[in-house]
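# Residue-level structural notes
What follows is the residue order along each chain.
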Amino acid sequence: MDDAVRRFRSRRADRMGLIREDNKDAVTRYRERRNLRLKKRFDEENHGNTHIPFGLCEREGIEVQPDWAPKDAWDALKGKGYDPDAVYKELEETGKTPKSPSSPTKTAMTKESAEHVIGEYRNTVKSQTKLEKDREKAKNALRNVQHDKRFAEQQLEYLRQKAQEILDKYGSEENMPEEKTISYLTGMMSVHDEYLNYKELADKEEKALSDYEKKIAKCEDKFKDLDKRYEESRTEEAKKKNEEAKERYYEALKVARPTYDDCQDKQEVVDRLKANKYFKNNEDVAVDIIGFEEAKALAKNLDGFFEKVPQMIGRVGAVSVYGLPNDVYGQSDWAGVQLASKYFRDLRKFKMEYDDSERIGFHPKGTTWESVVFHEYTHQIDNVMSKKGWSFSKAVTDEAIETLKKSGSKLFDGVEESAKKSKYKWMTQEELIKDAERMRVKTAVSEYAFKWKGEEWEDDSEFLAEAYSEYLTSKSPREVATVVGKIVDRYIKDLEGKK
Ligand SMILES: [Zn+2]
């Protein structure tokens with residue numbers, strides 16, 4: 001016999017030996033404990049549905065034996081015409097527990113358990129926020145009472161000094177004159193009265209000081225207690241647990257709130273968006289400044305973008321809504337996309353305004369306010385794709401011009417003539433033609449695509465953003481947008497989706 005087998009058998013024998021002991025009570029207690037443990041675990045795995053299958057046994061008057069596992073209970077129930085699969089199917093249809101006994105124990109959350117996770121997590125966050133606030137309050141209270149104490153100390157010193165000054169001047173209390181003099185404290189009073197007054201006030205202040213000691217001790221206790229709890233909530237271990245709880249919460253949101261319209265409040269919309277893990281700095285999503293409806297619309301808009309460009313999931317920066325300079329819809333930097341609260345707070349107004357600027361050609365034909373978000377996220381694509389010394393937007397623009405020329409686009413009709421008319425006389429004819437071509441292609445998309453920056457030509461990033469967002473959002477993207485869109489798609493096609 002193999003050594004390992006022998007060791008296994010001997011261990012097994014040890015346990016059998018325990019049960020064979022002529023101590024029925026111990027055996028029964030052991031079985032009961034084991035059964036309780038199993039039942040508890042099974043209930044947990046089945047999201048607290050205690051009525052299956054032990055509950056069903058109870059209902060059917062089947063006596064549950066101390067050493068029964070759930071399987072034994074099901075076996076007993078079969079005699080009464082129960083089929084586990086049918087039971088679970090029925091529960092699933094009534095929305096209670098879609099868990100089948102044949103499925104692995106760690107399956108996706110049920111709607112019911114997801115609701116539970118959501119509630120629990122939000123309560124945890126609430127109590128954590130409350131703890132932070134309470135701690136801050138206790139800290140301020142302590143600071144205030146310490147400040148009051150210092151003030152009382154100064155006051156006491158002043159009063160004593162005043163009394164001492166009078167005493168020094170006259171040598172003793174008896175020598176102090178009783179005729180009225182002008183005192184700054186109470187108007188007319190005798191020097192002696194003034195002296196007594198200072199002393200009395202000093203005594204009062206001293207009493208107040210000892211009260212402050214007590215107050216400070218009380219405030220200190222309160223702060224220390226809250227601070228300790230606060231610090232405990234911020235240990236590495238607690239942080240890890242929090243992180244795990246948050247992940248579970250995100251999973252639960254996906255189950256219980258399949259769409260943004262299922263969300264019950266703005267916080268859920270924000271968290272549901274975070275649950276999608278679109279951004280490399282996902283926790284920086286900050287759209288709290290806008291309303292519930294606006295948040296939903298923006299989140300749907302972002303879904304639309306990542307649905308079309310899933311390769312960018314997890315690569316681009318987070319979205320946030322801030323107060324930005326007037327007339328700026330949004331901006332993009334390495335941290336992500338910032339949208340202007342002025343516009344995104346009131347989408348009804350923003351839609352009208354955007355439609356106006358689209359009509360006059362400031363923004364690409366056929367685009368809407370939603371294209372602004374696509375525009376900004378195209379800047380993010382530009383960031384992701386550009387390398388040191390190699391600009392993605394420039395490469396795409398160059399290739400788009402070449403492609404359009406090869407296809408015989410009418411865009412370049414008479415381009416040599418207009419190059420001749422250029423005021424940039426210091427440029428060669430070839431350079432002037434190249435510039436004119438670039439201008440034609442850009443202005444064909446929108447005025448904004450052809451953006452000036454002082455006397456310098458703006459780079460190609462606005463053109464790329466305008467053209468690609470038209471390609472993705474317009475019902476019928478025009479010639480240039482389509483050419484640009486296909487080039488971009490080809491570039492990002494091979495990026496591994498981080499989904
Ligand atoms: Zn831009």
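Residues numbered from 1 in each chain as written. Predicted model: local features only at pLDDT ≥ 70, side-chain atom pairs only at ≥ 80, totals over all residues.

Check the secondary structure of the protein chain and you find 18 helices and 7 strands. Relative to its full complement of 499 residues, the protein chain shows a buried share of 26%. Restricting to contacts in the protein chain with at least 6 residues of sequence separation, those with at least 24 account for 61%. (Helix = DSSP H or I, 4+ residues; strand = E, 2+ residues; numbered from the N terminus. Buried ≥ 20, exposed ≤ 12 C-beta atoms within 10 Å, placed from the backbone. Contact = placed C-beta atoms within 7 Å.)

With that settled, the discussion passes to the nonpolar core. Nonpolar side chains in soluble globular proteins tend to end up buried together. By size, the foremost hydrophobic cluster in this structure holds 54 residues, and its most contacted members are Leu302, Ala400, Ala467, Tyr468, Val480 and Val484. Sorting elements by how many residues they give to this core places helix α17 (residues 461-473) first, with 7 residues. Setting aside its immediate chain neighbours within four residues, leucine 302 contacts Leu273, Tyr278, Val319 and Val373. (Core = buried A, V, L, I, M, F, W, Y, C linked by C-beta atoms within 7 Å.)

This next bit is on the sheet that holds strand β5 (residues 336-340). Read across the sheet, 3 strands follow the order β3-β5-β4 without closing on themselves; strand pairing throughout is mixed. The sheet terminates laterally at β3 (318-322) and β4 (330-333), the two strands that pair on one side only. On average, adjacent strands in this sheet sit at an angle of 20° to one another, irrespective of strand direction. Here helix α13 (residues 370-385) sits on the sheet and contacts β4 and β5; the angle it forms with β4, its principal contact strand, is near 15°. (Pairing = 2+ DSSP bridges. Axes fitted to C-alpha atoms, helices over the stretch in contact; angles between N-to-C directions.)

Before going further, it helps to examine the packing of helix α6 (residues 111-170) against helix α7 (residues 191-232). Interaxial distance between α6 and α7 falls to 7 Å at its minimum, and their mutual angle equals 160°. Classified by the angle their axes make, α6 and α7 are roughly antiparallel. Taken as a pair, α6 and α7 cross one another with a handedness that is left-handed. (Parallel < 35°, antiparallel > 145°, perpendicular 65-115°, else oblique. Left-handed = near helix turned anticlockwise from the far one by under 90°.)

For the rest of this paragraph, the subject is the confidence of the model for the protein chain. On average, residues of the protein chain score 84 in pLDDT, and 82% of them reach the 70 mark or higher. Contacts from residues 5-23, a stretch scored under 50 in pLDDT, to residues over four places away or in other chains number 3 contacts. In this model residues 453-457 is a low-confidence stretch, pLDDT under 50, and it forms 1 contact with partners more than four residues away in sequence or in other chains. (pLDDT = per-residue confidence, 0-100.)

The terminal C-alpha atoms of α7, which comprises 42 residues, lie 60 Å apart, in line with the 62 Å expected from a rise of 1.5 Å per residue. Within α7, the full set of buried residues consists of Glu194, Tyr195, Tyr198, Ala202, Cys219 and Phe223. (Expected span 1.5 Å × (residues − 1).)

The next thing to look at is helix α4 (residues 70-78). Ala73, Trp74 and Leu77 are the residues of α4 that are buried. All buried residues of α4 fall inside an arc of 100° around its axis, so they share one side. (Arc of directions from axis to C-beta.)

So, about unusual backbone geometry. Within the chain, lysine 277 stands out as a residue other than glycine whose phi angle is a positive 55°. Mapping lysine 277 onto the fold places it in the loop between α9 (266-275) and α10 (292-308).

Inspection of the secondary structure assignment puts lysine 300 in helix α10. Classification of lysine 300 as partly exposed rests on a count of 15 C-beta atoms within 10 Å. Along the sequence, lysine 300 and glutamate 370 sit 70 residues apart, while their C-alpha atoms lie 9.6 Å from each other.

Structurally, isoleucine 401 can be placed in helix α14 (residues 392-406). We classify isoleucine 401 as buried; it has 21 C-beta atoms within 10 Å. Linking isoleucine 401 and phenylalanine 412, residues 11 residues apart in sequence, is a C-alpha distance of 9.6 Å. Once residues within four sequence positions are removed from consideration, isoleucine 401 is found in contact with Glu437, Arg438 and Val441.

The next point concerns the packing of α14 against helix α16 (residues 429-445). Contact geometry of α14 with α16 gives a least axis separation of 11 Å together with a crossing angle of 90°. It follows from the interaxial angle that α14 and α16 lie roughly perpendicular. Across the interface between the two elements, Ala400, Ile401 and Leu404 from α14 touch Glu437, Arg438 and Val441 from α16. When its residues are assigned to classes, the contact of α14 with α16 shows 4 nonpolar, no polar and 2 charged. (Nonpolar A, V, L, I, M, F, W, Y, C, P; charged D, E, K, R; others polar.)

Mapped onto the elements of the fold, phenylalanine 305 is located in helix α10. Along the sequence, phenylalanine 305 and threonine 473 sit 168 residues apart, while their C-alpha atoms lie 8.8 Å from each other. Leave out the neighbours within four places in its chain, and phenylalanine 305 touches Val373, Phe374 and Tyr377.

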